[in-house]
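Chain by chain, the residues run as shown.
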Amino acid sequence: MAPILLTLVPPQGPTTGGNPAILVGTGLSGATAVMFGTTPAATFNVMFDGAITATVPPGTGSVQVTVVTPSGTSNAATYTYVEAAPPTILALVPPIGLALGGIPVLIAGSGLSGATAVMFGATPASTFTVLSDGAILATSPPGSGTVQVTVVTTAGVSNGASYTYV
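Residues numbered from 1 in each chain as written. Predicted model: local features only at pLDDT ≥ 70, side-chain atom pairs only at ≥ 80, totals over all residues. Heavy atoms only, no water.

### So, the overall build of the protein chain
Reasoning step 1: Scanning the protein chain for helices and strands turns up zero helices and 20 strands.
Reasoning step 2: A globule of 166 residues ought to have a C-alpha radius of gyration of about 15 Å, yet the protein chain, at 21 Å, is considerably larger.
Reasoning step 3: Each principal axis of the C-alpha distribution contributes one length, and for the protein chain these read about 70 × 25 × 20 Å.
Reasoning step 4: Contacts in the protein chain between residues at least 24 apart in sequence constitute 52% of all its contacts with a sequence separation of at least 6.
Reasoning step 5: Carbon and sulfur atoms form 65% of the exposed surface of the protein chain, whose accessible area is close to 7,900 Å². (Helix = DSSP H or I, 4+ residues; strand = E, 2+ residues; numbered from the N terminus. Rg over C-alpha atoms; globule rule 2.2 N^0.38 Å. Contact = heavy atoms within 4.5 Å. Areas by Shrake-Rupley, 256 points an atom, 1.4 Å probe, with all protein chains shown as cover.)

### Observations concerning the side chain of Thr-15
Reasoning step 1: For Thr-15, the position within the fold is in the loop between strand 2 (12-14) and strand 3 (20-26).
Reasoning step 2: Classification of Thr-15 by relative accessible area gives buried; the value is 18%.
Reasoning step 3: Leaving out residues up to four positions away in the same chain, Thr-15 has contacts with Pro-58, Gly-59, Tyr-81, Val-82 and Glu-83. (Buried < 20%, exposed > 50% of the residue type's maximum accessible area, 1.4 Å probe, protein only.)

### Quick word on the sheet that holds strand 17 (residues 135-139)
Reasoning step 1: Read across the sheet, four strands follow the order 11-13-17-16 without closing on themselves; strand pairing throughout is antiparallel. Strands with a single pairing partner mark the edges of an open sheet, and in this sheet they are strand 11 (88-93) and strand 16 (127-132). Ignoring strand direction, the axes of neighbouring strands in this sheet form an average angle of 25 degrees.
Reasoning step 2: Pairing of strand 16 with strand 17, which is carried by five bridges, proceeds in the antiparallel orientation. In the strand pairing of strand 17, Thr-127 is matched with Thr-139. (Pairing = 2+ DSSP bridges. Axes fitted to C-alpha atoms, helices over the stretch in contact; angles between N-to-C directions.)

### Here we look at the packing of aromatic side chains
Reasoning step 1: Per the counting criterion, the structure on display carries four aromatic pairs.
Reasoning step 2: With centroids separated by 5.2 Å and ring planes inclined at 90 degrees, the aromatic side chains of Phe-120 and Tyr-163 adopt a geometry described as edge-to-face. Highlighted residues: Phe-120 in strand 14 (residues 117-120) and Tyr-163 in strand 20 (residues 161-165), separated in sequence by 43 residues. You'll find Phe-120 and Tyr-163 in the same group, each marked buried.
Reasoning step 3: Between Tyr-163 and Tyr-165, the ring centres sit 5.2 Å apart and the planes meet at 85 degrees, which makes this aromatic pair edge-to-face.
Reasoning step 4: Since its relative accessible area comes to 8%, Tyr-165 is described here as buried.
Reasoning step 5: An aromatic cluster of three or more residues is present, and its members are Phe-36, Tyr-79 and Tyr-81. (Phe/Tyr/Trp six-rings, centres within 6.5 Å; stacked < 30°, edge-to-face > 60°.)

### Considering the nonpolar core
Reasoning step 1: Leu-23, Val-34, Phe-36 and Tyr-79 are the most contacted members of the largest nonpolar core, which has 18 residues in total.
Reasoning step 2: In contact with Phe-36, not counting residues within four places along its chain, are Ala-41, Ala-54, Val-56, Pro-57, Val-63, Gln-64, Val-65, Tyr-79 and Tyr-81. (Core = buried A, V, L, I, M, F, W, Y, C linked by side-chain atoms within 4.5 Å.)

### Considering a nonpolar patch on the surface
Reasoning step 1: Taken together, the side chains of Val-93, Leu-106, Leu-131 and Leu-137 present a nonpolar region at the surface, about 330 Å² in accessible area.
Reasoning step 2: Tracing the sequence through the fold places Val-93 in strand 11. (Patch = residues over 30% accessible without salt bridge, like charges linked within 9 Å, V, L, I, M, F, W, Y side chains within 5 Å. Salt bridge = Lys/Arg side-chain N within 4 Å of Asp/Glu carboxyl O.)

### Some thoughts on unusual backbone geometry
Reasoning step 1: Omega for the peptide link from Val-9 to Pro-10 comes to -5 degrees, which places this bond in the cis form.
Reasoning step 2: Relative to the assigned elements, Pro-10 resides in the loop between strand 1 (4-9) and strand 2.
Reasoning step 3: Note the cis peptide between Val-93 and Pro-94, where omega equals -5 degrees.
Reasoning step 4: One can find Pro-94 in the loop between strand 11 and strand 12 (96-97).

### Some remarks on the UniProt feature "domain: IPT/TIG" (unreviewed entry) in the protein chain
Reasoning step 1: Feature annotation in UniProt assigns "domain: IPT/TIG" (unreviewed entry) to the following positions: residues 2-82 and 86-166.
Reasoning step 2: Between the C-alpha atoms that bound residues 2-82 the distance is 30 Å, and the span itself is 0% helix and 60% strand.
Reasoning step 3: Spanning residues 86-166, this segment combines 0% helix with 58% strand, and its end C-alpha atoms are found 30 Å apart. (UniProt positions renumbered as here; feature names shortened; annotations may be inferred.)

Encoded structure:
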């Protein structure tokens, strides 16, 4: 008997792919492929007969997700690719620092996990570490006055948050 796909969590994600998705159903244990339209999942792992975790491949629009087993191909569940939103900064802690730089600054927000740069005005942070999708720990570079701190990701550049050098 062919596998049965009951749901897909989440039912949408970024066009860049790379995010995990959980497929829930029955008869999934013999899976030989997980297909997002005509594109196979980047990787997949059968957790047990009723669940598979899959790494979503890049794509666009809405596609039908199916599970292929030696017993047949499952019914389809719809997955929709959405453009990733640029990151958002909600707060800087602290919002002030020494002109010589070297101050740890916690950047709180959303969409921060894909950060490729943290900018203090036109100057890149001395170092930065992505702690989670909602937090980055950056080290302020030397500077003066008030500058806008921004986070750069492949989805775009965040809003600016004011950082004042004293």
